[in-house]
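Fold and geometry: a report
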Protein chains: 2
Amino acid sequence: MDKNGKVTIIDVARKAGVSKGTVDRVVHNRGEVSRKSAEKVRKAIEELQYRPNLYASVLATRKAHMIACLLPIFSKGEFWEKMHAGFLRGGESVSTLNVVTQVFLFDQYDPDSFHAAVAEMLASEPSGVILQPLFKNETLELAVRLRELGIPYVYVDTKLEDPGYFAYYGMPKYKSGRLCARMLTERLDPEEVRDVTVVRITRDKSRRSDPTMERRSGFNDFMDEHFPECRIHQVFIDPNKPESIPDTLDAFAADHPDMKMVVMFNSRIHLIADWLKAHPVKGRRVIGFDNMEKNLEAVRSDIVSILIAEHVEDQTFKAVHALSDYILMHKSIPMRDNYMHMDILTKYNLEYY
Amino acid sequence: MDKNGKVTIIDVARKAGVSKGTVDRVVHNRGEVSRKSAEKVRKAIEELQYRPNLYASVLATRKAHMIACLLPIFSKGEFWEKMHAGFLRGGESVSTLNVVTQVFLFDQYDPDSFHAAVAEMLASEPSGVILQPLFKNETLELAVRLRELGIPYVYVDTKLEDPGYFAYYGMPKYKSGRLCARMLTERLDPEEVRDVTVVRITRDKSRRSDPTMERRSGFNDFMDEHFPECRIHQVFIDPNKPESIPDTLDAFAADHPDMKMVVMFNSRIHLIADWLKAHPVKGRRVIGFDNMEKNLEAVRSDIVSILIAEHVEDQTFKAVHALSDYILMHKSIPMRDNYMHMDILTKYNLEYY
DNA sequence: AAACTTTCCGTGAACGAGCACGGAAATTGC
DNA sequence: GCAATTTCCGTGCTCGTTCACGGAAAGTTT
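Let us look at the structure shown here. (Residues numbered from 1 in each chain as written. Chains lettered and ligands numbered in written order. Predicted model: local features only at pLDDT ≥ 70, side-chain atom pairs only at ≥ 80, totals over all residues. Heavy atoms only, no water.)

Even without being a glycine, B:Gln49 presents a positive backbone phi close to 55°. Take B:Gln49: it is sitting in the loop between helix H3 (35-48) and helix H4 (54-60). (Helix = DSSP H or I, 4+ residues; strand = E, 2+ residues; numbered from the N terminus.)

The structure is reproduced here in structure tokens:
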């Protein structure tokens, strides 16, 4: 024991009657130790409550570990930008631990490019991986592969039904849908809640996972329970053809003149902000998700009433840390599923956000 | 440079044409270096962008640093408990860096006990200190002392007019008062906002700082600007005699039967929850501060409409980290004043908090 | 039982920084 | 100009791990 009462590898070695080399081998179980001495060492570690000194360890390790993050190519102001920022920030803060981070980008509309990114990532032998499962099946395949290779991976924002992930950081999606319904209908009587418009984004349903699905069920369940009479209408817009959005909405509005309640479950409520502004309805309530700058702007100018926001940046940040802790210290995190808290943003609290 | 491209002290020494001992001396400016070589070393450090390796440094340093926190004695459920929790959590997370934390408790109603705690703290030679300035003058004296000793200190929750603090973590108090007024009057017309009751806590004004003062000015300013006709009444209750609270409020209510808007600026709105419950008023709005469990309970049972909450725990946590970074790596934090974000809690979003 | 394998384990040189020690160089005193 | 200080600086051990190397011990083959 040193003067701070810390137990060192030498203490363990002495206690177990072996050398520090042997202790090191069992700590990192890389074999070449007889069953008998391994047992003695483990016993000594247990009794002395030995924990390797992270700093000595980092210092002595030659190899730098790499944490990879698979991300769709994004442009400024998009949801993914925040994930990316959190990843960078996390990478910075673990860089002193000899852990480096690397992003692998792919085209979110092209599975082949996803495969390419995966191949490139695996080739660079990451020690940990961060995933946001855009392509459901492809991601599941990757998960299997990572498990075979013994590489821990964590889901951020959305998780899949998959037994082997190391951790998950995100908001409770289903609950966020319920919360959305509750905020939308707050202080309203059933007769005031007759029609709700859900604006959705058209996408190729074949391959991609639908991250808004859970949110929609939460929303629908709440509405069923509390406002069973309410009709939920859907409009589909195409984000790739922004110029077509007004027409789509015009057409819809022709049939449903009274759009008093409007909801979007993804991060792009700002796409319809202009149209809403041009077609005001007194007392309309509009709820969207995620604190993208464009969305905040829509709240400030009173087009969107409420945004339900998660802290994506914190999520990836924490994911990086969890992985680095695990890689470096074999430390499992206390919680596998980390549901992080949601913010309700209105124009009243926005300026303090 | 090692294989990871990191610049080491040896690189600097070579470049400056001195030995690593000399470089080390200038890095920690502990003298015994000629002006000439010091200059060469500084230049080399600058050019090579040398940053000492934290881990090698921690490993080599014998001394364990101590971060102290001055806190009033608290009981379960109190505001201070959260500060304490954040401090512990922060302490845990820096303990691997050979940094230990220690709490020094005092009686918040007894300046002598504060002095005793300060003396004890200084005697144990802390490398950094965390303060919540309950006693204003005493804290300012301490601040002077700490500056003389070259010990960095950070304010949490409340800060004083004092040039020398290292950092501050808290919510913008003045703004929080404005926010309170805004939420209280949201969607109301001036004629609906005639009388507001502010419940305050009696205290010895002589020595203690009044942490709610700024909040009150924010509140008052907002009301002046938007509802100049509104009368703001004050009731004073004594937290040390909870049994007297009902009488005090009864007496007040006799003169002001229509208590439709009630506000408290400290964390103890729960003290008047029972009375409010027993004296319901239709459409009453009650706003308090801080997410103490008892306050949350009052929100759940619909007695308190809104709580404005800061993340005290995060504040102390970050304070510990900022200090440890500074102590260990001479790293100044980017922001001296860190205004952290406020949450608006209603019974609608509480369950997701 | 000698010659080979295989298994197992101890040794010692890094890693990068901190700091005590002692001695060289510069300065001062007389 | 020599001794005594003072200033300045290099050397080398240390912190707790990691890991390559090489050799002892045990097991196998002929």
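Okay, back to it.
Every contact between the two is made by 31 residues of chain B and, on the other side, 30 residues of chain A. Put simply, chain B and chain A have 0 salt bridges between them. For the side of chain B that touches chain A, the secondary-structure elements that each account for two or more residues are H4, helix H8 (173-185) and strand S12 (343-345) of chain B. Each residue belonging to the side of chain B that touches chain A can be placed in one class, and the counts come to 12 nonpolar, 8 polar and 11 charged. (Contact = heavy atoms within 4.5 Å. Salt bridge = Lys/Arg side-chain N within 4 Å of Asp/Glu carboxyl O. Nonpolar A, V, L, I, M, F, W, Y, C, P; charged D, E, K, R; others polar.)

Our next topic: the relation of the copies chain B and chain A. Each copy of the sequence occupies a distinct position, and chain B is placed on chain A by a rotation of 180° and an axial shift of 0.6 Å, giving an RMSD of 0.3 Å. Taken together, the rotation and translation describe the operation of a two-fold axis. Among all residues of chain B, the minimum C-alpha distance to the rotation axis is found for B:Tyr55, at 2.4 Å. Both copies share a contact surface, since 97% of the interface residues of chain B are interface residues in chain A too. (Least-squares fit on C-alpha atoms with pLDDT ≥ 70 in both.)

Time to look at the protein's contact with DNA strand D. Contacts to DNA strand D come from 28 residues, most closely from A:Ile9, A:Lys20, A:Asp24, B:Thr22 and B:Ser37. Each atom of DNA strand D within 4 Å of the protein was assigned to sugar, phosphate or base; sugar and phosphate come to 66%. Contact between DNA strand D and A:Tyr50: a phosphate oxygen at 3.0 Å from a side-chain N or O atom of the residue. For the surface near DNA strand D, the elements supplying multiple residues, two or more each, are helix H2 (20-27) and helix H4 (54-60) of chain A together with helix H2 (20-27) and H4 of chain B. Top contributing element to the surface near DNA strand D by residue count: H2(B), with 4 residues. Split into classes, the residues belonging to the surface near DNA strand D amount to 9 nonpolar, 10 polar and 9 charged. (Near = heavy atom within 4 Å. Polar contact = N/O pair within 3.5 Å; in protein donor to acceptor, adjacent residues only side chain to side chain.)

Another aspect to go through is the environment of A:Arg203. On the secondary structure map, A:Arg203 appears in the loop between strand S6 (195-201) and helix H9 (213-226). For the pair formed by A:Arg203 and A:Tyr174, sequence separation is 29 residues and the distance between their alpha carbons is 21 Å.

Next up on the list: empty space enclosed by the protein. All names here are of chain B. Enumeration according to the criterion identifies 2 cavities of 30 Å³ or more in this entry. Computed from the structure, the second largest cavity encloses a volume of approximately 30 Å³. If you go around the second largest cavity, the residues you meet are Leu70, Phe114, Leu131, Gln132, Pro133 and Thr139. For the lining of the second largest cavity, the residue count by class is 4 nonpolar, 2 polar and no charged. (1 Å grid on protein atoms, 1.4 Å probe; cavity = no way out; pocket = protein on both sides within 12 Å on 5 of 7 lines; lining within 4 Å. Points joined across faces, edges and corners; volume = space filled by probe spheres on them.)

What follows is about the packing of helix H5 (residues 79-94) of chain B against helix H13 (residues 312-329) of chain B. Residues and elements named next belong to chain B. Close contact between H5 and H13 brings their axes to 7 Å; oriented N to C, the two are set at 35°. Taken as a pair, H5 and H13 cross one another with a handedness that is right-handed. Together, Phe79, Lys82, Met83, Ala85, Gly86, Phe87, Arg89, Gly90, Gly91, Ser93 and Val94 of H5 and Val312, Glu313, Asp314, Thr316, Phe317, Val320, His321 and Ser324 of H13 make up the contact between the two elements. For the contact of H5 with H13, a count of residues per class yields 8 nonpolar, 7 polar and 4 charged. (Axes fitted to C-alpha atoms, helices over the stretch in contact; angles between N-to-C directions. Left-handed = near helix turned anticlockwise from the far one by under 90°.)

What follows concerns the layout of surface pockets. Reported here for the second largest pocket is a volume of approximately 1500 Å³. Along the walls of the second largest pocket sit 50 residues, with A:Glu186, A:Arg187, A:Arg285, B:Glu186 and B:Arg187 positioned nearest its centre. Sorting the residues of the lining of the second largest pocket by element identifies helix H8 (173-185), helix H11 (273-278) and strand S9 (285-289) of chain A together with H8, helix H11 (273-278) and strand S9 (285-289) of chain B as the ones contributing at least two each.

Moving on to helix H5 (residues 79-94) of chain A. All names here are of chain A. For H5, spanning 16 residues, the distance from its first C-alpha to its last is 24 Å, which sits close to the expected 22 Å at 1.5 Å a residue. Within H5, the full set of buried residues consists of Phe79, Trp80, Met83, His84, Gly86, Phe87, Gly90, Gly91 and Val94. Viewed end-on, H5 has its buried residues packed into an arc of 160°, placing them on one side of the element. Considering only its buried residues, H5 is in contact with strand S1 (65-72), strand S2 (99-106), strand S3 (128-131), strand S4 (153-156) and helix H13 (312-329). (Expected span 1.5 Å × (residues − 1). Buried < 20%, exposed > 50% of the residue type's maximum accessible area, 1.4 Å probe, protein only. Arc of directions from axis to C-beta.)

As a further point, take the sheet that holds strand S12 (residues 343-345) of chain A. Note: strands within a sheet are paired through backbone hydrogen bonds, in either parallel or antiparallel orientation. Residues and elements named next belong to chain A. Read across the sheet, 6 strands follow the order S7-S6-S8-S9-S10-S12 without closing on themselves; strand pairing throughout is mixed. The open sheet has two free edges, formed respectively by strand S7 (231-237) and S12, since each of these has just one partner strand. Adjacent strand axes in the sheet meet at a mean angle of 20° when their direction is disregarded. Of the strand pairs in this sheet, S6 and S7 are connected by 7 bridges, and their pairing is parallel. Each bridged residue has a counterpart across the sheet, and for Val199 the counterpart in S7 is Val235. The strands touched by H9 within the sheet are S6, S7, strand S8 (261-264) and S9, with S6 carrying the most contacts at an inclination of about 175°. (Pairing = 2+ DSSP bridges.)

With that settled, the discussion passes to the packing of helix H1 (residues 9-16) of chain A against H2(A). All names here are of chain A. Contact geometry of H1 with H2 gives a least axis separation of 8 Å together with a crossing angle of 105°. One element, H1, and the other, H2, form an angle in the roughly perpendicular class. Only Lys20, Val23 and Asp24 of H2 make contact with H1, whose side of the interface consists of Ile9, Ile10, Val12 and Ala13. Residue composition of the contact of H1 with H2, grouped by class: 5 nonpolar, no polar and 2 charged. (Parallel < 35°, antiparallel > 145°, perpendicular 65-115°, else oblique.)

All right, on to the sheet that holds strand S4 (residues 153-156) of chain B then. Residues and elements named next belong to chain B. Strands sit in the order S2-S1-S3-S4-S5-S11 across an open sheet of 6 strands; the sheet is parallel. Of all strands in the sheet, those with a lone pairing partner are strand S2 (99-106) and strand S11 (337-339), marking the two edges. Within the sheet, the average angular offset between the axes of one strand and its neighbour, ignoring direction, is 15°. Where strand S5 (residues 167-170) meets S11, 3 bridges bridge the pair, whose relative direction is parallel. Within S11, the position partnered with Tyr169 by the bridge is Asn338. Running at roughly 160° to S2, helix H6 (residues 111-123) makes contact with strand S1 (65-72), S2 and strand S3 (128-131) of the sheet.

All right, on to the environment of B:Leu328 then. All names here are of chain B. Mapped onto the fold, Leu328 is located in helix H13. Residue Leu328 is classed as buried on the basis of its relative accessible area of 15%. With 230 residues separating them in the primary sequence, Leu328 and Asn98 have C-alpha atoms 9.6 Å apart. Residue contacts for Leu328: discarding those within four places in its chain leaves Leu54, Val58, His65, Leu97 and Val99.

All names here are of chain B. Inspection of the secondary structure puts Gln132 in the loop between S3 and helix H7 (136-149). A polar contact of 3.0 Å, which involves the side chain of Gln132, links it to the side chain of Asp157. Side chain to side chain, Gln132 and Thr158 meet in a polar contact 3.4 Å long. The contact partners of Gln132, leaving out residues within four places of it in the chain, are Leu70, Trp80, Met83, Val156, Asp157 and Thr158.

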